[in-house]
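These are the residues of each chain, in order.
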Amino acid sequence: MAHRFPALSPEQKKELSEIAQRIVANGKGILAADESVGTMGNRLQRIKVENTEENRRQFREILFTVDNSVNQSIGGVILFHETLYQKDSQGKLFRTILKEKGIVVGIKLDQGAAPLAGTNKETTIQGLDGLSERCAQYKKDGADFGKWRAVLRIADHCPSNLAIQENANALARYASICQQNGLVPIVEPEVIPDGDHDLEHCQYVSEKVLAAVYKALNDHHVYLEGTLLKPNMVTAGHACTKKYSPEQVAMATVTALRRTVPAAVPGICFLSGGMSEEDATLNLNAINLCPLIKPWKLSFSYGRALQASALAAWSGKPANKKATQEAFMKRAMANCQAAKGQYVHTASSGAASSQSLFIASYTY
Amino acid sequence: MAHSYPALSPEQKKELSDITLRIVAPGKGILAADESVGSMAKRLSQIGVENTEENRRLYRQVLFSADNRVKKCIGGVIFFHETLYQKNDNGVPFVRTIQEKGIVVGIKVDKGVVPLAGTDGETTTQGLDGLSERCAQYKKDGADFAKWRCVLKISERTPSALAILENANVLARYASICQQNGIVPIVEPEILPDGDHDLKRCQYVTEKVLAAVYKALSDHHVYLEGTLLKPNMVTPGHACPIKYSPEEIAMATVTALRRTVPPAVPGVTFLSGGQSEEEASLNLNAINRCPLPRPWALTFSYGRALQASALNAWRGQQDNAGAATEEFIKRAEVNGLAAQGKYEGSEDGGAAAQSLYVANHAY
């Protein structure tokens with residue numbers, strides 16, 4: 001490597017870095033409302049609502065037309081392609097409504113999983129073809145950030161070196177292309193919680209995965225100050241018999257991040273995976289109270305953990321709009337508090353008691 | 001990769017982490033007094049002194065007899081093998097005089113550079129053979145940390161991918177072996193300042209090198225909280241016609257580190273390379289005043305930049321020993337302040353310098 005060919009101009013870097021910082025400023029986080037048509041089908045089926053384009057539009061409209069004060073908790077919303085072009089019942093584009101609230105609009109860019117032959121059912125992610133042109137169009141159409149979800153799983157011989165390298169490489173290509181088109185890439189290397197492994201094993205795997213991701217981002221000349229990370233929290237597998245407190249989850253998570261995520265990354269917005277709304281908030285709060293040095297913002301990019309109650313309150317009935325919005329606002333504000341380490345769970349006594357529950361870090 | 005086989009027990013991790021925190025405690029840095037016999041030859045010939053074992057002992061005695069004033073600014077001293085077993089005029093081992101000041105003893109363990117065939121004069125560093133046994137012995141003999149120097153250079157076609165990969169790998173093997181023996185590894189991937197490249201080029205190369213180093217450390221299961229990093233500051237090449245201020249050097253250096261060095265690393269102890277004593281202090285001070293968040297300690301591991309005046313004052317004359325020791329203490333204290341951003345310098349420091357920082361997005 002003898003020569004250097006700057007990937008981005010100073011002006012491009014400034015734009016990306018400012019977008020990233022706006023999304024996670026002051027405890028704000030992200031509403032992941034980018035469920036694909038198929039995934040929305042799963043959600044709507046649970047509340048016995050038909051999966052039509054109109055129903056999907058109605059639910060998103062209810063969320064996006066909440067009071068403007070939502071912009072104190074929500075810095076960005078990730079949309080699915082269809083939603084970026086939908087309008088409210090007055091004909092106003094959703095993306096305009098969000099922007100007028102000062103919320104940054106994002107777009108899901110990956111195109112689903114593809115199998116990796118010769119592995120134990122592992123996958124990589126597709127979507128790189130024509131990605132630059134798609135990004136340019138999305139930028140024109142109002143998006144300022146993108147999101148791409150890679151999936152790794154813990155099992156026998158998993159994640160394999162191939163799965164780690166391949167997914168890290170695809171994430172880095174996606175990130176590089178986004179930045180060339182003025183979109184901040186949210187980098188999401190999700191280690192899914194399926195399995196019976198314990199907390200330590202998830203931490204070990206998360207560290208290996210994140211180290212590979214950041215090496216790939218460096219190799220691909222990605223400007224870290226203009227990215228965000230969307231990782232899993234470090235948790236035990238769903239089928240693990242051992243139970244862990246939010247403080248243990250927090251310590252394992254923050255330790256893993258400290259060992260792998262450079263300080264130049266402005267924000268880390270956790271995915272909620274299969275967590276309940278309350279667990280997602282409690283864990284985020286504990287993470288922000290963890291006594292280790294944490295040079296990035298630690299916030300949320302939640303889908304189910306922001307929408308579960310709202311979906312249940314809605315049940316497909318327009319008359320439930322107010323209740324739906326209240327349910328959503330409640331979770332948004334709770335998670336904003338948690339992103340500042342200020343969430344007070346009614347059943348606990350808050351920050352002081354949880355501080356004492358942190359175990360000295362060197363055991364991890 | 002399905003299973004994890006812990007490389008270290010919790011007790012081993014705690015011991016390593018505690019040692020690092022002692023070395024880079026606020027206001028403290030490292031005296032690199034590990035010049036090999038060959039390097040000492042150069043230093044001594046510059047002051048007209050013969051390179052004998054006794055002269056090397058007398059010279060190190062000048063440094064190690066510094067009084068308690070160094071306790072607040074020196075957290076560690078790196079020894080060369082020969083020096084680890086030498087004593088002062090009263091028969092007290094140097095190791096003990098250092099430890100009695102509460103300073104951690106370190107040992108150089110690499111065995112010098114060797115060429116990488118097929119490259120443009122690039123090298124790797126040897127010393128892995130029998131390293132575990134050597135570390136175990138050094139630990140018994142009083143050392144709690146070690147140092148291993150790799151060298152990379154910037155030119156038309158260097159550093160090559162091979163040089164970066166190979167040096168990162170050898171650093172990671174060394175670090176892993178040290179930790180198995182209770183020794184904190186200082187990881188030193190030095191990019192030489194030789195050349196006419198500008199500041200940006202050095203920053204770019206430094207980021208690539210450090211990213212490779214930390215990937216290798218991760219691959220080799222090295223416990224980052226029990227390591228220290230000894231990098232070059234990001235500077236232009238010696239022959240670069242553009243001059244840069246300490247603030248520009250600081251911004252480029254801190255930006256490069258923020259992009260590559262995980263927050264788990266407790267301290268970054270810069271080498272001084274070819275910098276003068278004052279330059280090395282001013283740059284370190286500017287680094288500690290840089291307005292970007294810096295989650296690691298940023299301090300010094302200086303050889304020449306702590307010893308140049310002392311060496312010059314001594315000139316091999318025992319009558320000069322006291323004055324020479326004073327010169328060393330003076331630089332140690334200055335760098336202790338610089339490691340906290342509190343050095344006012346011989347120019348005006350403080351508020352005026354803050355405004356000289358350029359917004360970070362330009363880097």
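Residues numbered from 1 in each chain as written. Chains lettered and ligands numbered in written order. Predicted model: local features only at pLDDT ≥ 70, side-chain atom pairs only at ≥ 80, totals over all residues. Heavy atoms only, no water.

As for the overall build of chain A
Next up, step 1: On a plain count of helices and strands, chain A comes out with 13 helices and ten strands.
Next up, step 2: The globule rule puts the C-alpha radius of gyration for 364 residues at 21 Å, and the 20 Å found for chain A is close to it.
Next up, step 3: The principal-axis extent of the C-alpha atoms belonging to chain A is close to 55 × 55 × 40 Å.
Next up, step 4: Burial analysis of chain A (364 residues in total) assigns 61% to the buried set.
Next up, step 5: Once local pairs closer than 6 in sequence are excluded, the contacts in chain A between residues at least 24 apart make up 81%.
Next up, step 6: Accessible surface computed for chain A: about 14000 Å², of which carbon and sulfur atoms make up 50%.
Next up, step 7: Looking at chain A, you have 41 positive and 35 negative side-chain charges, and the mean spots of the two groups are 3 Å apart. (Helix = DSSP H or I, 4+ residues; strand = E, 2+ residues; numbered from the N terminus. Rg over C-alpha atoms; globule rule 2.2 N^0.38 Å. Buried < 20%, exposed > 50% of the residue type's maximum accessible area, 1.4 Å probe, protein only. Contact = heavy atoms within 4.5 Å. Areas by Shrake-Rupley, 256 points an atom, 1.4 Å probe, with all protein chains shown as cover. Lys, Arg positive; Asp, Glu negative; His and termini not counted. Charge placed at Lys NZ, Arg CZ, Asp CG, Glu CD.)

Considerations on the confidence of the model for chain B
Residues and elements named next belong to chain B.
Next up, step 1: Per-chain confidence: chain B averages 94 in pLDDT, with 94% of residues scoring 70 or above.
Next up, step 2: Contacts for the low-pLDDT stretch residues 348-353, under 50 throughout, to residues beyond four places or in other chains number five contacts.
Next up, step 3: For this predicted complex, the interface score ipTM comes out at 0.86, while the overall pTM is 0.91. (pLDDT = per-residue confidence, 0-100.)

Some details on unusual backbone geometry
Next up, step 1: Cis peptide bonds are those with omega within 30 degrees of zero, and the linkage from C158(A) to P159(A) qualifies with -5 degrees.
Next up, step 2: With respect to the element layout, P159(A) can be found in the loop between strand 6 (145-152) and helix 7 (161-180).
Next up, step 3: Residues T158(B) and P159(B) are joined by a peptide bond in cis, for which omega reads 0 degrees.
Next up, step 4: Residue placement: P159(B) occurs in the loop between strand 6 (145-152) and helix 7 (161-180).
Next up, step 5: Unusually for a residue other than glycine, R315(B) sits at a positive phi of about 50 degrees.
Next up, step 6: Along the chain, R315(B) turns up in the loop between helix 11 (304-314) and helix 12 (321-338).

Looking at the packing of aromatic side chains
Next up, step 1: All told, the structure shown has nine aromatic pairs over all chains when counted by the stated rule.
Next up, step 2: For the ring pair F64(A) and F94(A), a centre distance of 5.2 Å and an interplane angle of 85 degrees mean the geometry is edge-to-face. Taken together, the residues F64(A) in helix 3 (residues 53-64) and F94(A) in helix 5 (residues 94-100) connect sequence positions 30 residues apart. F94(A) shares its class with F64(A); the two are buried.
Next up, step 3: Three or more aromatic residues joined by ring pairs form one cluster here, namely F64(B), F79(B) and F94(B). (Phe/Tyr/Trp six-rings, centres within 6.5 Å; stacked < 30°, edge-to-face > 60°.)

Side note on the environment of I62(A)
Residue and element names in this part refer to chain A.
Next up, step 1: Considering the arrangement of structural elements, one finds I62 in helix 3.
Next up, step 2: For the pair I62 and G146, spaced 84 residues apart in sequence, the C-alpha to C-alpha distance is 23 Å.
Next up, step 3: With residues near it in sequence (within four places) discarded, I62 still touches W314, K321, T324 and Q325.

Section: empty space enclosed by the protein
Next up, step 1: Counted under the stated rule, the structure contains four cavities of 30 Å³ or more.
Next up, step 2: Computed from the structure, the largest cavity encloses a volume of approximately 60 Å³.
Next up, step 3: Residues that form the lining of the largest cavity fall into these classes: ten nonpolar, no polar and one charged. (1 Å grid on protein atoms, 1.4 Å probe; cavity = no way out; pocket = protein on both sides within 12 Å on 5 of 7 lines; lining within 4 Å. Points joined across faces, edges and corners; volume = space filled by probe spheres on them. Nonpolar A, V, L, I, M, F, W, Y, C, P; charged D, E, K, R; others polar.)

Concerning the packing of helix 3 (residues 53-64) of chain B against helix 11 of chain B
All names here are of chain B.
Next up, step 1: One way to put it is that helix 3 packs onto helix 11 with a least axis distance of 11 Å and a crossing angle of 120 degrees. Looking at the two axes, helix 3 sits oblique to helix 11. Here helix 3 and helix 11 pass one another in a crossing that is right-handed. Of the residues in helix 11, those in contact with N55, L58, Y59, V62 and L63 of helix 3 are Q307, A310, L311 and W314.
Next up, step 2: Across the contact of helix 3 with helix 11, the residue classes tally to seven nonpolar, two polar and no charged. (Axes fitted to C-alpha atoms, helices over the stretch in contact; angles between N-to-C directions. Parallel < 35°, antiparallel > 145°, perpendicular 65-115°, else oblique. Left-handed = near helix turned anticlockwise from the far one by under 90°.)

Some details on the interface of chain B and chain A
Next up, step 1: Taken together, the contacts link 40 residues of chain B with 42 residues of chain A.
Next up, step 2: Of the roughly 3600 Å² buried between chain B and chain A on both sides combined, carbon and sulfur atoms contribute 57%.
Next up, step 3: Where chain B meets chain A, there are two salt bridges.
Next up, step 4: Across the contact surface, chain B and chain A share nine residue pairs in polar contact (both at pLDDT 80 or more).
Next up, step 5: At the level of secondary structure, the elements contributing two or more residues to the side of chain B that touches chain A comprise helix 1 (10-23), helix 7, helix 8 (199-219) and helix 9 (246-258) of chain B.
Next up, step 6: Here the side of chain B that touches chain A gets ten residues from one element, more than from any other, and that element is helix 8 of chain B.
Next up, step 7: Tallied by class, the residues present in the side of chain B that touches chain A amount to 17 nonpolar, ten polar and 13 charged. (Buried area = accessible area lost by both parts, 1.4 Å probe. Salt bridge = Lys/Arg side-chain N within 4 Å of Asp/Glu carboxyl O. Polar contact = N/O pair within 3.5 Å; in protein donor to acceptor, adjacent residues only side chain to side chain.)

Observations concerning the pairing of strand 7 (residues 184-191) of chain A
Residue and element names in this part refer to chain A.
Next up, step 1: Extensive coverage of strand 7 is indicated by the burial of eight of its eight residues.
Next up, step 2: Taking every second residue as pointing to the same face, both faces of strand 7 are buried, with V184, I186, E188 and E190 on one and P185, V187, P189 and V191 on the other.
Next up, step 3: Two elements, strand 6 and strand 7, share eight bridges in a ladder whose sense is parallel. Along strand 7, the bridge assignment pairs K147 with I186.
Next up, step 4: With helix 7 bridging strand 6 and the parallel strand 7, this β-α-β connection has right-handed handedness.
Next up, step 5: Note that the unit made of strand 7, helix 8 (residues 199-219) and strand 8 (residues 228-229) has a crossover that is right-handed. (Pairing = 2+ DSSP bridges. Right-handed = clockwise from strand over helix to strand, strands pointing away.)

Considering the packing of helix 8 of chain B against helix 9 of chain B
All names here are of chain B.
Next up, step 1: Here helix 8 crosses helix 9 at 25 degrees, and the two axes come no closer than 9 Å. The angle between helix 8 and helix 9 places the two elements in the roughly parallel class. In this structure, helix 8 meets helix 9 at a crossing whose hand is right-handed. Residue-level contacts link L199, Q203, T206, E207 and L210 of helix 8 to E248, I249, A252, T255, A256 and L257 of helix 9.
Next up, step 2: Split by residue class, the contact of helix 8 with helix 9 holds six nonpolar, three polar and two charged.

So, the environment of Q21(A)
Next up, step 1: Looking at the element boundaries, Q21(A) is found in helix 1 (residues 10-23).
Next up, step 2: For the pair formed by Q21(A) and P266(A), sequence separation is 245 residues and the distance between their alpha carbons is 6.5 Å.

Brief notes about the side chain of E225(B)
Next up, step 1: Along the chain, the position of E225(B) falls in the loop between helix 8 and strand 8 (228-229).
Next up, step 2: Judged by relative accessible area, which is 11%, E225(B) ranks as buried.
Next up, step 3: When neighbours within four sequence positions are excluded, E225(B) is seen to be in contact with T255(A), R259(A), S17(B), T20(B), A264(B) and P266(B).

Considerations on the side chain of T281(A)
Residue and element names in this part refer to chain A.
Next up, step 1: Considering the arrangement of structural elements, one finds T281 in helix 10 (residues 277-289).
Next up, step 2: Residue classification places T281 among the buried positions, given a relative accessible area of 0%.
Next up, step 3: Filtering out sequence-adjacent residues up to four positions away, T281 remains in contact with R331, A334, N335, A338 and Y343.

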